[in-house]
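# Architecture and fold: a report
For reference, the chains in residue letters:
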Amino acid sequence: MLTLRDRQINAIKQMLNLNSQQPKALAAEPVWKILIYDRVGQDIISPIISIKELRELGVTLHVQLHSDRDSIPDVPAIYFCLPTDENLDRIQQDFSNGLYDVYHLNFLAPITRSKIENLAAAALHAGCVANIHRVYDQYVNFISLEDDFFVLKHQQSEQLSYYAINRANTRDEEMEALMDSIVDSLFALFVTLGNVPIIRCPRNSAAEMVARKLEKKLRENLWDARANLFHMDATQAGGGVFSFQRPVLLLLDRNLDLATPLHHTWSYQALVHDVLDLGLNLVYVEDETATAGARKKPKACDLDRNDRFWVTHKGSPFPTVAEAIQEELESYRNSEEEIKRLKTSMGIEGESDIAFSLVNDTTARLTNAVNSLPQLMEKKRLIDMHTKIATAILNYIKARRLDSFFEIEEKIMSKQTLDKPLLDLLRDSEFGQAEDKLRLYIIYFICAQQLPESEQERLKEALQVAGCDLTALAYVQRWKAIMNRSPGNSQATQYEGGGTKTVSMFTKLVSQGSSFVMEGVKNLVVKRHNLPVTKITEQVMECRNNTETDDYLYLDPKLLKGGDVLPKNRAPFQDAVVFMVGGGNYIEYQNLVDFIKQKQTSNVQRRIIYGASTLTNARQFLKELSALGGEIQSPTATS
């Protein structure tokens, strides 16, 4: 069954095929064409289609819309961009300059009637009406990072950030535009999936604003006979991404849980995002092999689903990843040794029949070995890349004591007593960076039931001595006070934490031959537990009675006049799309992946897709909290 990512890839490949169905067998010679995109279009394409694949699809040149471009006759030009005034002005400029002979315009969001009339007038004025072959609305305005993970924005993501949604002086029209932008992308997502969801979300939150608008947009489309984009829905051959059952869209507000985005992590993918700024599945690692004196330039590492090692281990704890890299390296060395040995054994002396048969046998084996060389070379490239990334992470873990921070935060979340008082840890100048200490304190503050004023002051003093900027705390304090007022929403009780246990380090990694010096790093094994988002997802999918989720809105766009209350005896949902308004992270994504793996049975396939308006790591999220805290401390400056 096709995943969300596969469907988006198919839609974009069809567009690159000039919006005609792709033939089963690719023609020997594709139609050569050029692709012109804006920044949003570039962000959508880059994580899912490589340059090599673009070449295979006949794209000889791909350029930014707002760059200086020369006229290229006789070649179709495919535009892939949002229908903003700025973009449309530039397209009109291209018309009047007669840059291309054939135009295929593909807009990421539906273009309004007035804008398309202006575009037509410009084409008429430039005398190129006959050159415009197609104008399409493409419903692909979201970024697929994984088969089951999407975000809405990468570049200029601050427009949809937690700060943008929660800042004090947002004007009503700005908030409306922000919510409309989220709704348009979610609508495109469900058009791509081919299913109309049932929507659940908490009341009185940003998520409710999105839910109400999305329900209205879906309902209007469903009851519009001419423009209905879901008429194929579950009845079509192959159905949507989900089975005949409709999925539930669970819209959540980031205010539900501020501790997880700040949590230090221990799994590979989340660590790469936290310490190395993984973006659009690309990470830059400083090249250690640069010659002496030369400036170290960062090397781009592409972490995509064609990388078998990444797919297998992205959710694994870091020491497990280090051990797996070591094993891969040993298996590669063995294969290399095999080829060398076969080459030397080819020099057998004597003309006897035995020697001849031996040579024949060895030749066959050598031919096999040589044929497997390309796979071997690719394996070596991936091993080297992961070794480079893991070494960079390991250096950060040691320098910032990330293993200890992770262990302490897990203890705080699971209400275990700490081995050493928090105050001593914050005062220890050797223990992590200022930013790490601030993250630890905020998690402690959120998870504590009652924190005496005097203790808070002592801890804050220690943070100031450590060089922390405490601006964010003003906002976190206000947020906690508001959240604790609402019934069933006490922040202290919603974290169960898994806790950790330390097991002895793998002998392979401690041996002298290992490329990772793991001394001083704890081999932590995390006990399986559900984060707040996962707990709510489970309750909503199971349709269990629960004080927390019973009050959630229940919106069904297929009903002409629907209420917003959960109907009685509702069957559990097999599939869910969990969307976080105000920014998500890889920690929650991995937690949901682990949760749904446990729920699979031989006869029931259940699936969860996780999405977020933006993807932020702890440093970026802390910056947003500080900006919000700054508004509280000096409201006059920002008004």
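Quantities reported herein were computed from a predicted structural model and do not represent experimental measurements. (Residues numbered from 1 in each chain as written. Predicted model: local features only at pLDDT ≥ 70, side-chain atom pairs only at ≥ 80, totals over all residues. Heavy atoms only, no water.)

## Here we look at the packing of helix H16 (residues 434–447) against helix H23 (residues 618–633)
Two numbers describe how H16 lies on H23: the axes approach to 11 Å, and their chain directions differ by 70°. As judged from the angle between their axes, H16 and H23 are roughly perpendicular. The way H16 lies across H23 gives a crossing that is left-handed. In this structure, H16 contributes Glu435, Leu438, Arg439 and Ile442 to the contact, and H23 contributes Ala618, Arg619 and Leu622. When grouped by side-chain class, the residues that make up the contact of H16 with H23 number four nonpolar, no polar and three charged. (Axes fitted to C-alpha atoms, helices over the stretch in contact; angles between N-to-C directions. Helix = DSSP H or I, 4+ residues; strand = E, 2+ residues; numbered from the N terminus. Parallel < 35°, antiparallel > 145°, perpendicular 65-115°, else oblique. Left-handed = near helix turned anticlockwise from the far one by under 90°. Contact = heavy atoms within 4.5 Å. Nonpolar A, V, L, I, M, F, W, Y, C, P; charged D, E, K, R; others polar.)

## Observations concerning empty space enclosed by the protein
The final tally for this structure, using the stated rule, is four cavities of 30 Å³ or more. Reported here for the largest cavity is a volume of approximately 80 Å³. Per element, the largest residue contribution to the lining of the largest cavity is three residues, and it comes from helix H9 (residues 268–276). Taken together, the residues that form the lining of the largest cavity break down as five nonpolar, six polar and one charged. Each of domain 2 (144–231 + 240–256 + 532–626) and domain 3 (269–347 + 359–400) contributes no fewer than three residues to the lining of the largest cavity. By volume, the second largest cavity amounts to about 50 Å³. For the second largest cavity, the full set of lining residues is Arg39, Val40, Asp43, Ile143, Leu152, Lys153, His154, Gln155 and Gln156. Classifying every residue of the lining of the second largest cavity gives three nonpolar, three polar and three charged. (1 Å grid on protein atoms, 1.4 Å probe; cavity = no way out; pocket = protein on both sides within 12 Å on 5 of 7 lines; lining within 4 Å. Points joined across faces, edges and corners; volume = space filled by probe spheres on them. Domains from an automatic or database assignment.)

## Things to note about helix H1 (residues 4–16)
Taking 1.5 Å as the rise per residue, H1 with 13 residues should run 18 Å; its terminal C-alpha atoms sit 19 Å apart, in good agreement. Burial in H1 covers these residues: Leu4, Arg5, Asp6, Arg7, Gln8, Ile9, Ile12, Met15 and Leu16. Taken from the residues just after H1, leucine 18 is the one with a positive phi, measuring 60°. (Expected span 1.5 Å × (residues − 1). Buried < 20%, exposed > 50% of the residue type's maximum accessible area, 1.4 Å probe, protein only.)

## Notes on the side chain of glutamate 208
Mapped onto the elements of the fold, glutamate 208 is located in helix H8 (residues 206–222). Looking at glutamate 208, the relative accessible area reads 15%, which means it is buried.

## Thoughts on the pattern of salt bridges
For the structure on display, the rule yields 36 salt bridges. A salt bridge links aspartate 180 to lysine 213; its shortest N-O distance comes to 2.9 Å. Residue aspartate 180 is found in helix H7 (residues 172–193), and its partner lysine 213 is found in helix H8; the two are separated by 33 residues along the sequence. Its salt-bridge partner being arginine 607, residue aspartate 575 comes within 3.7 Å of it at the nearest N-O pair. Of this pair, aspartate 575 sits in strand S15 (residues 575–581) while arginine 607 sits in strand S16 (residues 607–612), placing them 32 residues apart in sequence. Taking the relative accessible area as the measure of exposure, aspartate 575 reaches 1% and is therefore buried. (Salt bridge = Lys/Arg side-chain N within 4 Å of Asp/Glu carboxyl O.)

## Points about the packing of aromatic side chains
Per the stated rule, a full pass over the model turns up 19 aromatic pairs. A centroid spacing of 6.0 Å and a plane angle of 15° characterise the contact between tryptophan 266 and phenylalanine 406, whose relative ring orientation is stacked. With tryptophan 266 in the loop between strand S9 (248–253) and H9 and phenylalanine 406 in helix H14 (residues 402–413), this residue pair connects regions lying 140 residues apart in the sequence. Side by side, tryptophan 266 and phenylalanine 406 carry an identical accessibility label, which is buried. Here the basic side chain of lysine 217 rests over the ring of phenylalanine 187, its NZ or CZ set 5.1 Å away from the ring centre. Looking at lysine 480, its charged tip hangs above the ring of phenylalanine 445, at a distance of 4.8 Å from the centre. (Phe/Tyr/Trp six-rings, centres within 6.5 Å; stacked < 30°, edge-to-face > 60°. Lys NZ or Arg CZ within 6 Å of the ring centre and 35° of its normal.)

## Some thoughts on the confidence of the model for the chain
In the predicted model, the chain carries a mean pLDDT of 87, and 87% of its residues have values of at least 70. Confidence over residues 233–239 falls short of pLDDT 50; this stretch has nine contacts with residues more than four positions distant or in other chains. Counting interchain partners and residues more than four positions distant, the pLDDT-below-50 stretch residues 505–513 has 21 contacts. (pLDDT = per-residue confidence, 0-100.)

## Comments concerning the pairing of strand S8 (residues 198–201)
Here S8 shows a buried face lined by Ile198 and Arg200 and a second buried face lined by Ile199 and Cys201. In this structure, S8 lies alongside strand S14 (residues 553–555), joined through three bridges in antiparallel fashion. Directly across from isoleucine 199, in S14, lies its bridge partner leucine 555. (Pairing = 2+ DSSP bridges.)

## Observations regarding the sheet that holds strand S2 (residues 59–64)
In space, the five strands of this open sheet follow the order S2-S1-S3-S4-S5, with parallel pairing throughout. Because the sheet does not close on itself, it has two edges, and the strands there are S2 and strand S5 (132–137). Here the strands of the sheet are splayed against their neighbours by 20° on average, with no regard to which way each runs. Looking at chain direction, strand S1 (residues 33–37) and S2 are connected through five bridges and run parallel. Counted as the bridge partner of isoleucine 36 is valine 63 from S2. Against the sheet, H1 engages S1, S2, strand S3 (72–81) and strand S4 (100–107), with an angle of about 155° to S3.

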